[in-house]
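Structure at a glance
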Amino acid sequence: MEAIERVCQFLEEAQTYYLATVERDQPRVRPFGTALLYNGRLYIETGRVKPVSHQIAANPKVEICACKGGEWLRVAGELVDDPSRGPMEAMLEKMPSLKAMYSPEDGNMQMLYFKDATATFSSFTKAPETVRF
Ligand SMILES: Cc1cc2nc3c(=O)[nH]c(=O)nc-3n(C[C@H](O)[C@H](O)[C@H](O)COP(=O)(O)O)c2cc1C
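Attention in this report is confined to the structure presented alongside it. (Residues numbered from 1 in each chain as written. Predicted model: local features only at pLDDT ≥ 70, side-chain atom pairs only at ≥ 80, totals over all residues. Heavy atoms only, no water.)

1. Quick word on unusual backbone geometry
For arginine 24, which is not glycine, the phi torsion reads 50 degrees and is therefore positive. Inspection of the secondary structure puts arginine 24 in the loop between strand S1 (17-23) and strand S2 (26-32). On the basis of relative accessible area, arginine 24 is assigned to the exposed category, the value being 75%. Phi at asparagine 39 is positive, roughly 50 degrees, even though this residue is not glycine. For asparagine 39, the position within the fold is in the loop between strand S3 (36-38) and strand S4 (41-47). (Helix = DSSP H or I, 4+ residues; strand = E, 2+ residues; numbered from the N terminus. Buried < 20%, exposed > 50% of the residue type's maximum accessible area, 1.4 Å probe, protein only.)

2. What to know about helix H2 (residues 51-58)
Because each turn of an α-helix spans 3.6 residues, side chains separated by three or four positions end up pointing in the same direction. When we look at burial in H2, the residues that qualify are Val52, Ser53, Gln55 and Ile56. The buried residues of H2 occupy an angular sector of 160 degrees when projected down its axis, which confines them to one face. Exposed positions of H2 whose direction lies more than 90 degrees from the buried face are Pro51, Ala57 and Ala58. Summarising the contacts, the buried residues of H2 are in contact with S1, S2, S4, strand S5 (61-68), strand S6 (71-82) and strand S7 (109-123). (Arc of directions from axis to C-beta. Contact = heavy atoms within 4.5 Å.)

3. Quick look at the pattern of salt bridges
Overall, the coordinates contain eight salt bridges when judged by the stated rule. Residue glutamate 12 pairs with lysine 94 through a salt bridge whose shortest N-O separation is 2.5 Å. Pair noted here: glutamate 12 is in helix H1 (residues 3-14) and lysine 94 is in helix H3 (residues 85-94), with a separation of 82 residues, a long-range link. Looking at glutamate 12, the relative accessible area reads 39%, which means it is partly exposed. For glutamate 78, the salt bridge identified is with lysine 115, shortest N-O distance 3.9 Å. (Salt bridge = Lys/Arg side-chain N within 4 Å of Asp/Glu carboxyl O.)

4. A look at the side chain of aspartate 82
Structurally, aspartate 82 can be placed in strand S6. One polar contact links aspartate 82 to tyrosine 43, side chain to side chain, over a distance of 2.6 Å. Setting aside residues up to four positions removed in sequence, aspartate 82 forms contacts with Arg41, Tyr43, Pro87, Met111 and Tyr113. (Polar contact = N/O pair within 3.5 Å; in protein donor to acceptor, adjacent residues only side chain to side chain.)

5. Focus: the nonpolar core
Grouped together as the largest cluster of nonpolar side chains are 26 residues, with contacts concentrated most on Val7, Leu11, Leu19 and Phe114. Every element with two or more residues in this core is listed here: H1, S1, S4, H2, S5, S6 and S7. It is H1 that contributes the most residues to this core, six residues altogether. Once residues within four sequence positions are removed from consideration, leucine 11 is found in contact with Tyr17, Ala35, Leu42, Ile64, Ala66 and Leu73. By size, the runner-up hydrophobic cluster in this structure holds 10 residues, among which are Met88, Met91, Leu92 and Tyr113. (Core = buried A, V, L, I, M, F, W, Y, C linked by side-chain atoms within 4.5 Å.)

Quick look at the structure:
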């Protein structure tokens, strides 16, 4: 399995991950659940009206952390805003519950993919493993 597939699978199995952004000199963190592999990229979804979206626009460097059993995954990288329709439709198909809140025409739904990402899988019992995508 490719590195990016392993990362996406971990996020799916963990169900919830925590997305950290930077606002001036203040870290911000919140739970997220959206994750999608599309055209070889790892996408997450948010709303353009949210503070998290504004923080990413001002500084696209983020880190996410997810936990599953005794393992955890951290992904650090930059998020790129992709306004194209394909990833939005694929995300709504994968996570239909989002349709109650978002649509590709609402001017709010935002798909972001990781660029220059470093992912580290850690556990209490094994040495950490770092992959890049
Ligand atoms: C389990 C869980 C998963 C969530 N997943 C997402 C998500 O994928 N995208 C999103 O925009 N908000 C998601 N949320 C809601 C955000 O955490 C919430 O809107 C948060 O306030 C956004 O951060 P902000 O207030 O700094 O903008 C999720 C909330 C929970 C509890």
